[in-house]
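# Overview (structure and organization)
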Amino acid sequence: MASTRSLVGLGLLLAWLMRFLPSQGILGRVIIQKSQLLRWEDSDYSNNDCVVEQTANGCEDVKIHFDSNTAFLACGDPKGRASWYPGAGRHDAKSRKDFREKLYKYDIKSKKTTELRIEGLGGDFVTHGIDVIAVPGDSSKVHILAVRHSRGDDAISIFEHTLGTDVVTLVKDVQHPTIKTPNGVVAIGPMEFYITNDHYYVSGVKRYLEESFGPWSWATNVVYCDASQAELQCREVAKGFVHANGIAANDGKVFVGDSQNATVSVFEIESDKSLKLDHRVALGAAADNIKVIPSNGDLVVAVFPTLENLPLYLDNTEKLGKDLLVPAAALRLRKSANYEPELLYKDSGAAISFMTAMAIDPYHGVAIGVGVLQYGGFAVCALGEETLKSLQ
Ligand SMILES: *[C@@H]1O[C@H](CO)[C@@H](O)[C@H](O)[C@H]1NC(C)=O
């Protein structure tokens, strides 16, 4: 008890002292130039044909399963997140009432949204990144991999879902010391995946110091896990990010978005699943989730075209997208142009404010954007004819 208290005291003293030190470089702190983040700030708004779906709220991530024309969404409770959502720097569990968030499916053809009943998983389920992957040899089934934040250890929950039903059933809840502060997840097999960790410390004084004096260049990473065997194997495969966030994979490559340094890092997947850095793409805006356009292998990266004010959004979730507009944007990184960015979508925030992911369905000409803190959690937008043509 006494030692805990003196540790806390020491931490606070250290925090206080650090205010008097020049911040550059402290403990590997990375200083970001604002110009790195504002390249698209003055570009025109391009969307005008979106319908905001009110059935689901606070959707952080979306993944389209193209064979079944279905988008799967990880959604939740904006108000609850304002109290407790560790990735956003909110740790007040006592003020949050409910720790069960939701998965939805959206049928792109019928435009119908359905909540998915979760079976086999007890305890907390606070959502973040999500991915969906086919089950080899059974075209009626997919696995849904979801980041699961909880008041205990975080996990990646792997669910099985039979297409056309309204149920997901837990296959495995993957916990491992390397899965600390998961943010994004990408499956490369039904039981095999990469995740990003967005912080180094999970909670307590050290986390407070990290949130106050980071970002630190050593703090966030990418972890690979193979959960297909009885013995779970996980290991770090990449680091050196400022704030690793969204993650996607395609064509033997893994793409990692950095929400502080405004880059996408392109990695080659090696035969042992290690990652070898190919190059980093400067986006000109902080990156969140990354999606792949299946028709051409291009990437769609949700970015924040203006400087973020996360505490303001968290404290005004009921106004977000209504009285409080936060511009949203998505960049397209063409595979044929070595993933150089161009603006694909920009929204005043009237459809989706503080947009955290956008998935494109080139076959039905729609873009689905989601907002982690907004009531009315996702929007379905019709793509213009010219955009659509360029996607084929
Ligand atoms: C951070 O951004 C700078 C400038 O774009 C770039 O040179 C550097 O490689 C980036 N680092 C990471 C980890 O993304």
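All values derive from a computational prediction rather than experimental measurement.

### Comments concerning the state of the cysteines
Applying the stated criterion across every chain, the model contains three disulfides. Each sulfur in the disulfide pair Cys 50 and Cys 381 lies 2.1 Å from the other. Negative torsions about the S-S bond denote left-handed disulfides, and the value of about 105° found for Cys 50 with Cys 381 makes this one right-handed. Taken as a pair, Cys 50 in strand 1 (residues 50–53) and Cys 381 in strand 26 (residues 378–382) lie far apart in primary sequence, 331 residues in all. Given the relative accessible area of 23%, Cys 50 is considered partly exposed. A sulfur-sulfur separation of 2.1 Å characterises the disulfide bridge that pairs Cys 225 with Cys 234. On the sign convention where negative means left-handed, the S-S torsion of about 115° between Cys 225 and Cys 234 marks this disulfide as right-handed.

### Focus on the sheet that holds strand 2 (residues 61–65)
Spatial strand order, 2-3-6-7-11-10-9-8: eight strands in an open sheet with mixed pairing. The open sheet has two free edges, formed respectively by strand 2 and strand 8 (126–135), since each of these has just one partner strand. Between one strand and the next, the sheet's axes are offset by a mean angle of 30°, whatever the strand orientation. Strand direction decides the pairing type here: strand 3 (residues 70–75) and strand 6 (residues 102–107), joined by six bridges, are antiparallel. Looking across to strand 6, one finds that Ala 71 is bridged to Tyr 106.

Parameters at a glance
- Residues numbered from 1 in each chain as written.
- Predicted model: local features only at pLDDT ≥ 70, side-chain atom pairs only at ≥ 80, totals over all residues.
- Heavy atoms only, no water.
- Disulfide = S-S within 2.5 Å.
- Helix = DSSP H or I, 4+ residues; strand = E, 2+ residues; numbered from the N terminus.
- Buried < 20%, exposed > 50% of the residue type's maximum accessible area, 1.4 Å probe, protein only.
- Pairing = 2+ DSSP bridges.
- Axes fitted to C-alpha atoms, helices over the stretch in contact; angles between N-to-C directions.

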